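Given next are the chains, with one letter for each unit.
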Amino acid sequence: MVLRGHIIYTSTPEAYTVHENSYIIIEDNKVKGIYKALPEAYSTEEVIDYEDRLIVPSFIDLHVHAPQYSQRGIGLHLQLINWLNQYTFELESKFADLSYAKEVYPAFVQSLYDHGSLRSSIFGTIHDESNLYLSELIMKKGMSAFVGKVNMDRHAPDTLTESAQQSLEGTKAFIGALEKETLVKPIITPRFAPSCSDELMTSLGQLSIEKHVPVQSHLSENKDEIKWVKALFPLAKDYTDVYEMFNLLGKEKTLMAHGIYLDEDELARINKPQNFLVHCPISNMNIASGVMPVAKYMDMGIQVGLGSDVAGGHEMGMNKSIVAAIQCGNILYSQEKSHRRLLESEVVYIATKLNGRFFGEDVGSLEPGFIFDALVIEDKDSLSKGLSPIERYQKFLYGGEPSHIIARYLEGNAI
Ligand code: GUN
Ligand code: FE
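The rules behind these values
- Residues numbered from 1 in each chain as written.
- Chains lettered and ligands numbered in written order.
- Predicted model: local features only at pLDDT ≥ 70, side-chain atom pairs only at ≥ 80, totals over all residues.
- Heavy atoms only, no water.
- Core = buried A, V, L, I, M, F, W, Y, C linked by side-chain atoms within 4.5 Å.
- Buried < 20%, exposed > 50% of the residue type's maximum accessible area, 1.4 Å probe, protein only.
- Helix = DSSP H or I, 4+ residues; strand = E, 2+ residues; numbered from the N terminus.
- Contact = heavy atoms within 4.5 Å.
- Near = heavy atom within 4 Å.
- Polar contact = N/O pair within 3.5 Å; in protein donor to acceptor, adjacent residues only side chain to side chain.
- Areas by Shrake-Rupley, 256 points an atom, 1.4 Å probe, with all protein chains shown as cover.
- Nonpolar A, V, L, I, M, F, W, Y, C, P; charged D, E, K, R; others polar.
- Donors = N, O, S within 2.8 Å, 3.2 Å for Na, K, Ca; no water.
- Tetrahedral: all angles 85-135°; square planar, octahedral: opposite > 155°, others 65-115°.
- 1 Å grid on protein atoms, 1.4 Å probe; cavity = no way out; pocket = protein on both sides within 12 Å on 5 of 7 lines; lining within 4 Å.
- Points joined across faces, edges and corners; volume = space filled by probe spheres on them.
- Phe/Tyr/Trp six-rings, centres within 6.5 Å; stacked < 30°, edge-to-face > 60°.
- Expected span 1.5 Å × (residues − 1).
- Arc of directions from axis to C-beta.

**With respect to the nonpolar core**
Taken as a class, soluble globular proteins show a tendency for nonpolar side chains to be buried jointly. Core analysis: the largest hydrophobic core is formed by 101 residues, its most contacted members being Phe 108, Ile 122, Tyr 243 and Leu 277. Ranked by the residues each element gives to this core, the list is headed by helix α2 (residues 98-114), at eight residues. For Ile 122, the contacting residues outside a window of four places in its chain are Val 64, Ala 66, Phe 108, Leu 112, Leu 134, Ile 138, Ala 145, Phe 146, Val 147, Gly 148 and Gln 216. By size, the runner-up hydrophobic cluster in this structure holds 15 residues, among which are Ile 24, Tyr 50, Ile 55 and Leu 366.

**A closer look at the site of ligand 1**
Close to ligand 1 lie His 65, Gln 68, Leu 80, Trp 83, Leu 84, Arg 191, Phe 192, His 218, Glu 221, His 258, Ser 283 and Asp 309. Arg 191 places a side-chain nitrogen or oxygen 2.7 Å from an oxygen atom of ligand 1. Here a nitrogen atom of ligand 1 and a side-chain polar atom of Asp 309 are 2.7 Å apart. When isolated, ligand 1 has an accessible area of 280 Å², and the protein chains bury 100% of it. If one sorts the elements of the shell around ligand 1 by residue count, helix α1 (residues 80-93) sits on top with three residues. Considered class by class, the residues forming the shell around ligand 1 number four nonpolar, five polar and three charged.

**Brief notes about the coordination of the iron ion (ligand 2)**
Within the protein, the atoms that donate to the iron ion (ligand 2) are His 63 (NE2), His 65 (NE2), His 218 (NE2) and Asp 309 (OD), at distances of 2.0 to 2.2 Å. Around the iron ion (ligand 2) sit four donor atoms, and with donor-metal-donor angles ranging over 90 to 172° the site reads as irregular. We note that the donor set of the iron ion (ligand 2) lies within a single chain, spaced as H-x1-H-x152-H-x90-D. Placement of the pair is His 65 in strand β5 (residues 59-65) and His 218 in strand β11 (residues 215-219), with a sequence separation of 153 residues. Here His 65 matches His 218 in class, with each residue buried.

**What about empty space enclosed by the protein?**
Unoccupied space between atoms shows up once a probe the size of one water molecule is rolled over them. As enumerated under the stated definition, the model contains five cavities of 30 Å³ or more in all. In this model, the largest cavity occupies a volume close to 90 Å³. Lining the largest cavity are His 65, Gln 68, Leu 80, Trp 83, Leu 84, Arg 191, Phe 192, His 218, Glu 221, His 258 and Asp 309.

**Notes on the packing of aromatic side chains**
This structure, assessed with the given rule, holds 13 aromatic pairs. Judged by centre distance (6.3 Å) and plane angle (5°), the ring pair of Phe 59 and Phe 396 falls under stacked. Of this pair, Phe 59 sits in strand β5 while Phe 396 is found in helix α13 (residues 389-399), placing the two residues 337 residues apart along the sequence. When its relative accessible area of 2% is taken as the criterion, Phe 59 is described as buried.

**Some thoughts on the layout of surface pockets**
Estimated volume of the largest pocket: approximately 360 Å³. What lines the largest pocket is a set of 23 residues, among which Phe 146, Glu 181, Thr 182, Lys 185 and Pro 186 lie closest to the centre. Here the lining of the largest pocket is built from residues that sort into 12 nonpolar, three polar and eight charged. Taken as a whole, the second largest pocket holds about 150 Å³ of empty space. In terms of lining, the second largest pocket is formed by 13 residues, of which the most central are Pro 13, Met 298, Glu 346, Tyr 349 and Leu 354. Residue assignment for the lining of the second largest pocket shows that the elements contributing at least two residues are α10 (294-300) and α12 (344-357). A total of four residues in the lining of the second largest pocket trace back to one element, the largest contributor, which is α12. For the lining of the second largest pocket, the residue count by class is six nonpolar, two polar and five charged.

**Structural notes on helix α4 (residues 164-177)**
With 14 residues, α4 should cover 20 Å at 1.5 Å per step; its first-to-last C-alpha distance of 20 Å lies within 8% of that length. Every buried residue of α4 is accounted for by Ala 164, Ser 167, Leu 168, Gly 170, Thr 171, Phe 174 and Ile 175. For α4, the buried positions fall inside an angular range of 165° around the axis, keeping them on one side. Residues of α4 that are buried sit in contact with α3 (128-140), β7 (144-148), β8 (150-151), β9 (184-186) and α5 (198-211).

Take a look at the structure:
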């Protein structure tokens with residue numbers, strides 16, 4: 001397959017790579033090469049010519065709550081614990097009923113697709129039927145995701161908790177059900193330490209290692225949450241240690257969302273190739289959680305990812321989260337010069353190539369050798385005349401809407 005257009009990606013944080021009016025050749029689902037002139041082995045008839053349009057890596061949302069899709073914008077005057085107790089837990093309880101999931105999940109999956117988030121790492125709920133239904137919807141769309149059955153056995157209404165045993169059995173069954181799938185894979189998802197007993201976390205850690213299944217959770221998001229975790233786990237050195245104690249961090253590949261208030265010792269322990277701290281700037285602003293010092297983490301070599309955290313976040317478009325990350329970085333920098341500014345290309349790099357790394361070393365860029373996951377961006381209005389491809393991409397990042405995405409490719413296939 002050969003496509004032609006203006007090809008843009010970030011192979012490093014420092015700068016965009018741009019191939020104007022070039023041909024990108026896809027073989028075995030991967031980028032074989034990018035050429036200014038069509039190589040002789042190919043004929044012009046087989047070129048899918050996107051003309052003056054942009055071909056860019058598709059987005060990846062590394063932290064999103066599917067059941068909260070219908071709650072975007074609601075209850076955001078509260079902070080984390082009250083927001084969960086007064087809004088979120090009640091909403092998520094409704095997914096015990098598959099017919100409720102059938103109202104919400106198709107719209108959620110369609111929205112991921114529309115916004116170009118063709119890969120994601122998703123929290124479902126505790127409810128096994130609804131989680132499987134969500135997974136099937138994603139597969140049917142030809143998209144890729146890690147989907148988590150959420151584990152909770154305490155500190156929530158009875159309608160949103162199970163026994164530790166039930167929660168473990170449900171997780172095993174969910175992992176088993178997705179065992180043969182390639183696009184959608186299971187991820188072990190203890191909601192956060194306060195939702196899970198020692199017994200449950202112990203068994204989930206063992207299961208993760210035994211089955212080589214990755215883990216996702218929340219870490220150090222809100223100051224009251226951190227105090228609560230200290231009180232619940234008096235023997236743990238810090239919040240990070242709680243997950244470490246139960247083999248839920250540092251063993252298999254792990255996504256920890258937020259990670260705002262981590263001390264130097266915690267950061268040093270998190271700084272391993274299998275761990276990702278997922279920045280969720282829109283959520284952090286909405287429920288007044290704080291600001292992740294992203295530049296500092298990047299400079300330490302920590303793998304930072306980016307997530308919408310819908311519905312702490314209200315925006316499905318990862319371009320909106322990219323902009324929010326830049327803006328949050330600007331606020332830190334303007335308040336305290338020891339924080340450097342984030343580069344725009346650096347945040348795009350986080351949202352594509354670093355987020356992609358959670359799916360594999362060859363995901364998240366359009367460099368030769370990478371799996372071809374891409375969006376084609378159409379912005380043919382008179383206001384874009386005379387702008388360079390990078391300027392047009394910048395306009396898409398700041399003001400882009402689903403209607404600007406005219407084609408979507410995952411693993412080399414138009415979807
Ligand atoms: N911590 C535990 N559960 C949640 C959740 O649903 N959203 C966010 N933002 N933080 C959490
Ligand atoms: Fe979250």
